[in-house]
Amino acid sequence: MIGEETCCSATRAMLAYARGLVRGDDTPRLGSEGLGAADRIFVVNRRPDDSLPAVGDGLDALFAPHDRAGDLGRLFSPPDRRLVLALLDAVAASGEPGVIRAHGLAFDGTRVDVELMLGGLPAFWSRGDRFLGHAIALGADPKLLAGRLTIGALLTPETPRPKPKPQLRLVVSNP
C-alpha cells in the first residue's frame, strides 16, 4: 500500500488537478512540480469489451513507437490488467483519482519504475468511461520501456461513505 505522500511531486500535482477537474472547482495550477505535465497526459476510453484504448502523448514518453500499444490494458499481464480495470471502476465510483506504481524493463535491461495517475473526467465529457491519465518514469535517467509493466503498488481512492440518514430518536424522561 502506498500513500499519496510517497508519489512523486508531478503525480501529486496531477492528483490535485484531477480532483479539481472532476469537482468543477477552479483547477489548481500545476506549478513547478507539474512542468512538462502536458507532455505526459493521455485519455483512456473504457470500452464495453474492457479494452482500454489510450490517446495522447503521455504514453509516447515511456514507450518506443514499435512497442507502444493502442490499448493501455495490453501493457499489463492478464492478472494485472484486471487490477487496472478494478482501479478504473473504483475511480469512476468515487470521483477520486488513483495511482498505479509499476515497473518494466528498458531496452538495455535496466529496471524502470513508472507512476500512472488515472482520474475520471467530468460528467459533461464522460459517462464514467473516459479517464484522464498521467504517466511519468521515476528516476534520474528516464529510459523508454520495452515490453510489459508489472504492478508493484496501487493507490486506490477511498470509497465514498454514505451520509447518515436522519433518524427519529425517542427520549424518555421519568421525573
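Look a little higher up for the structure.
First things first, this report covers the structure right here in the doc. (Residues numbered from 1 in each chain as written. Predicted model: local features only at pLDDT ≥ 70, side-chain atom pairs only at ≥ 80, totals over all residues. Heavy atoms only, no water.)

The sheet built from six strands is open, its strands ordered β2-β1-β5-β4-β3-β6 with antiparallel pairing. Each edge of the open sheet is held by one strand with a lone partner, namely β2 (54-56) and β6 (145-155). Each strand of the sheet is rotated relative to its neighbour by a mean of 30 degrees, with strand direction disregarded. With five bridges connecting them, strand β1 (residues 41-45) and strand β5 (residues 130-138) associate as antiparallel partners. Looking at β5, one finds that V43 is bridged to L132. (Pairing = 2+ DSSP bridges. Helix = DSSP H or I, 4+ residues; strand = E, 2+ residues; numbered from the N terminus. Axes fitted to C-alpha atoms, helices over the stretch in contact; angles between N-to-C directions.)

Scanning all chains against the criterion turns up five salt bridges. Measuring nitrogen to oxygen at the nearest pair gives 2.6 Å for the salt bridge that ties E96 to R19. Placement of the pair is E96 in the loop between α2 (78-94) and β3 (98-106) and R19 in helix α1 (residues 9-23), with a sequence separation of 77 residues. Residues E96 and R19 agree in their burial class; the two are buried. When salt bridges that share partners are traced, they join R46, D50 and D89 into one network. (Salt bridge = Lys/Arg side-chain N within 4 Å of Asp/Glu carboxyl O. Buried < 20%, exposed > 50% of the residue type's maximum accessible area, 1.4 Å probe, protein only.)

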